[in-house]
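Fold and geometry: a report
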Number of protein chains: 2
Amino acid sequence: MSSVEMIEAAAARLAGHARRTPLLSSPFLDDIAGRRLLVKPECLQHTGSFKFRGAWSAISALDPEIRARGVIAFSSGNHAQGVAHAATLHGISSVIVMPSDAPRLKIENTRALGAEVVLYDRGRESREEIGAAIARERGLTLIKPYDEPQVIAGQGTVGLEIAQEAADMGVERAEVLVCCGGGGLTSGIALALESRAPGMRVRPAEPEGFDDTRRSLAGGSIIRNASETGNICDAILTPQPGQITFPILQRLCGPGLAVTEDEALHAMALAFLRLKIVLEPGGAVALASALFRRDALQEDTVIAVASGGNVDAGLFRVALDRFA
Amino acid sequence: MSSVEMIEAAAARLAGHARRTPLLSSPFLDDIAGRRLLVKPECLQHTGSFKFRGAWSAISALDPEIRARGVIAFSSGNHAQGVAHAATLHGISSVIVMPSDAPRLKIENTRALGAEVVLYDRGRESREEIGAAIARERGLTLIKPYDEPQVIAGQGTVGLEIAQEAADMGVERAEVLVCCGGGGLTSGIALALESRAPGMRVRPAEPEGFDDTRRSLAGGSIIRNASETGNICDAILTPQPGQITFPILQRLCGPGLAVTEDEALHAMALAFLRLKIVLEPGGAVALASALFRRDALQEDTVIAVASGGNVDAGLFRVALDRFA
């Protein structure tokens, strides 16, 4: 099971490989938030999102002989790029199974990071069957996106950094808002903070209408989203919390927060103007919650994890046109 | 005079106040540069540029009684915001003398950071006379933008960080490209690297047509630019190298590099796509030189200092429209 000891071990394996991201802030954002706001910019992580941490953690934890055979993942997004890059840096091969209608740029980026991309038809084929057949044939290890203890441990290293960086600033109590899809990042950070910064509480942030984690936490059991698509926050649209992540979320996190698409775009524009970082919509929902849900927050300090920045120029322009 | 000991003393005063910026990289940018490329993102510094370091260094070095009377600066740009914010954090007042036709947003931001903004008419009035009268009347200390040893020492802390961060990555030899206006940042980094990373050489980067430092270094004496305006890299358009900075540049730096406005915009778009950071044109010329002047570089590793990110949304959109 996942634990702070596993997270510390993951941090040791990531040292010198993952980037340590600083805590950013701006007096202009403090004014909007009505409190001290610190932002952890994981968009600056390798491959543009926190996913590199979990991928590196999982791959580096494999038995060397098993690792040498290569890894496989299903993803059209940030997990794909994280696994591809971490595999290449380990000198092993990776296969990423992606829908054939995934954005061309994401397919090209994943290939350029060293992965073999296998495309499937979303309508007619099952990615699980295709992936299982390739994995069996070549002896590849599946790297799951969140429901995997070593992935959770890797994402939890964000929490260790937050605890230390906040302590250096004299911050002991805070609400820590985390962009939440399947819950790997959220649960990992919560486990790290539980022992390293017990005055902090993790609160998941999601898009409205895709707030399965918020509703599951409120209802006391896993509740699925009605839909899996139809929101610009594509990086964090998962059908439901994970089987491994949900019990951790239930024990340590909540209540959840949810923001509109417009609020995510507005947060992207403010991050551009005030922090000089590039966020994707799904990576901006925690910041949006800190800025636009001030009445739902209690502490004098809020820390927002900005989880990724892989947005195309067209959508970024929309955010600037409307809110900058 | 400026020295590495002064830079170390400035670093001690800045500890816990200035942000320590990480070194970023992307395999996609390495491909374009044809070598290993590391980027020092000072756009992530407080107020969006390295200028906060020099301002903090100079203000914190003042005698407490003199400091308590307040400071004054002439600037319509990044130096204004750096001085205003550093003064406010020290609990003292600041006056910033700005031309009345400066962008409204820059005036508002400088005020919001706590400064009293005094506007003057560029055509009819002398900012030096106005500033001198206010300074005399109120006993304010002038914080110069670059020709001031404690400002150079503050900017030099960027060099101390580069030396340590590069050593952690096993990098000892590199060309370090620095966006160069009056030369405060460039000379400060060069002084720091001279003793902390003697295998590194600093090379100033400027906009074509405003490459006074490049031409001055090549000619062996200070040569002015023909014009002071008319380029989008406004943050680094100074008439000529400083009297204090030029001898340091001459001893330690060069040859200079220069890029076009289009190359600066292209570098901004690539920084958006691959590093997830926001650069202004003047803050992107070193990165542009690393990407588009590969034949003018010798070392296997190049480090580009991305000095600032205070760009308005309109100009940023131009970069995205054309190059992303």
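What counts, and at which threshold
Residues numbered from 1 in each chain as written. Chains lettered and ligands numbered in written order. Predicted model: local features only at pLDDT ≥ 70, side-chain atom pairs only at ≥ 80, totals over all residues. Heavy atoms only, no water. UniProt positions renumbered as here; feature names shortened; annotations may be inferred. Buried < 20%, exposed > 50% of the residue type's maximum accessible area, 1.4 Å probe, protein only. Helix = DSSP H or I, 4+ residues; strand = E, 2+ residues; numbered from the N terminus. Contact = heavy atoms within 4.5 Å. Buried area = accessible area lost by both parts, 1.4 Å probe. Salt bridge = Lys/Arg side-chain N within 4 Å of Asp/Glu carboxyl O. Least-squares fit on C-alpha atoms with pLDDT ≥ 70 in both. Core = buried A, V, L, I, M, F, W, Y, C linked by side-chain atoms within 4.5 Å. Phe/Tyr/Trp six-rings, centres within 6.5 Å; stacked < 30°, edge-to-face > 60°. Lys NZ or Arg CZ within 6 Å of the ring centre and 35° of its normal.

As recorded by an unreviewed UniProt entry, chain A carries the name Threonine dehydratase and is attributed to Ruegeria marina. Its UniProt record, at the heading Sequence similarities (unreviewed entry), says of chain A: "Belongs to the serine/threonine dehydratase family."

1. Observations regarding helix α13 (residues 281–292) of chain B
The buried fraction of α13 of chain B amounts to eleven of the twelve residues, a majority that puts the element mostly inside the structure. What α13 of chain B keeps buried is the set Pro281, Gly282, Gly283, Ala284, Val285, Ala286, Leu287, Ala288, Ser289, Ala290 and Leu291 of chain B.

2. Quick notes on the interface of chain A and chain B
Listed by partner, the interface residues are 32 residues for chain A and 32 residues for chain B. Interface of chain A and chain B: buried area, both sides summed, is about 2,500 Å²; carbon and sulfur atoms make up 67% of it. In terms of surface lost to chain B, no three residues of chain A exceed Arg19, Phe272 and Lys276 of chain A, which account for 24% of the buried area on that side. There are two salt bridges connecting chain A and chain B. The salt bridge partner of Asp321 of chain B is Arg317 of chain A, with a shortest N-O separation of 2.6 Å.

3. Side note on the relation of the copies chain A and chain B
Superposition record for chain A on chain B: RMSD 0.0 Å, screw rotation 180°, translation along axis 0.0 Å. Each copy turns onto its partner about a two-fold axis. If distances are taken from each C-alpha of chain A to the rotation axis, the shortest is found for Ile277 of chain A, at 2.3 Å. Both copies present the same face, since 100% of the interface residues in chain A are matched by interface residues at the equivalent positions in chain B.

4. Let's talk about the nonpolar core
Counting residues in each nonpolar core, the largest one holds 84 residues, and the members touching the most others are Leu37, Ile277 and Phe316 of chain A together with Leu37, Ile277 and Phe316 of chain B. Leave out the neighbours within four places in its chain, and Leu37 of chain A touches Leu24, Ser25, Leu29, Asp30, Leu287, Ala290, Leu291, Val302 and Ala304 of chain A.

5. Focus on the packing of aromatic side chains
All names here are of chain A. In the structure shown here, the tally under the stated rule is seven aromatic pairs over all chains. Ring centres of Phe272 and Phe316 lie 6.2 Å apart, and the angle between their planes is 70°; this geometry places the pair in the edge-to-face category. Of this pair, Phe272 sits in helix α12 (residues 261–275) while Phe316 sits in helix α14 (residues 313–323), placing them 44 residues apart in sequence. Given the relative accessible area of 1%, Phe272 is considered buried. Lying across the ring of Phe28, Arg274 places its NZ or CZ 3.7 Å from the centre.

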